[in-house]
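Architecture and fold: a report
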Amino acid sequence: MQFREHDEYMKTALMYAHEAANAGEIPVGCVIVCEGKIIASGANRVKESGLQHRHAEMAALEQAATVLKSQGLENCTLYTTLEPCGMCSGAIAHYRVGQVVFGAYDTQYGCMFSKMDLCKIMGHKTVCIGGVLEDECSDILKKFFDSMRKSTGK
């Protein structure tokens, strides 16, 4: 696999995606790595919190800033199972995250690659790598939404 060096961190992000799915949330998980160590993590908690901004990436960014006592995350890599949306991409740019690695592409809402590169538009040069463990990351989302459709009859 061409992204082997990123696989282990993405597998950890997938654990958080499964945690979100088990809680009835859209299954997205995220970890932030600095100097080879996971310093923050997050799972979607929109439904649980009732707050639209409780995405996995937002939780992990907040935690990383607290751990590092800094809002500058230039030396960090954010791993997320789904390409970040506009809100999360904007936050990634504001926190000046050095690198983003995501699994599944989000052709509808993705703002790191698919629809636009919001970090570039905002003037931050975040290195972005997509498609790491893409099949696994896409499968958990597909299964979740298929299950939702079956339960609602749509």
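Residues numbered from 1 in each chain as written. Predicted model: local features only at pLDDT ≥ 70, side-chain atom pairs only at ≥ 80, totals over all residues. Heavy atoms only, no water.

1. Some points on the environment of C111
For C111, the location among the structural elements is in the loop between β4 (99-104) and α5 (118-121). Taking relative accessible area as the criterion, C111 reaches 10% and is therefore assigned buried. Remark: the alpha-carbon pair of C111 and C88, spanning 23 residues in sequence, is separated by 8.5 Å. If near-sequence neighbours (up to four positions away) are discounted, C111 is found in contact with E83, P84, C85, G86, S89, M116, D117 and L118. (Helix = DSSP H or I, 4+ residues; strand = E, 2+ residues; numbered from the N terminus. Buried < 20%, exposed > 50% of the residue type's maximum accessible area, 1.4 Å probe, protein only. Contact = heavy atoms within 4.5 Å.)

2. Comments concerning the pattern of salt bridges
Pairing between side chains becomes possible if they bear opposite charge and their charged atoms approach one another. According to the stated counting rule, one finds six salt bridges in the structure shown. Its salt-bridge partner being R45, residue E19 comes within 2.8 Å of it at the nearest N-O pair. Highlighted residues: E19 in helix α1 (residues 4-22) and R45 in the loop between β2 (37-43) and α2 (46-49), separated in sequence by 26 residues. Exposure remark for R45: the relative accessible area of 19% places this residue in the buried category. We note a salt bridge from E48 to R45, for which the minimum N-O separation is 3.6 Å. You can call E48 exposed: its relative accessible area is 59%. (Salt bridge = Lys/Arg side-chain N within 4 Å of Asp/Glu carboxyl O.)

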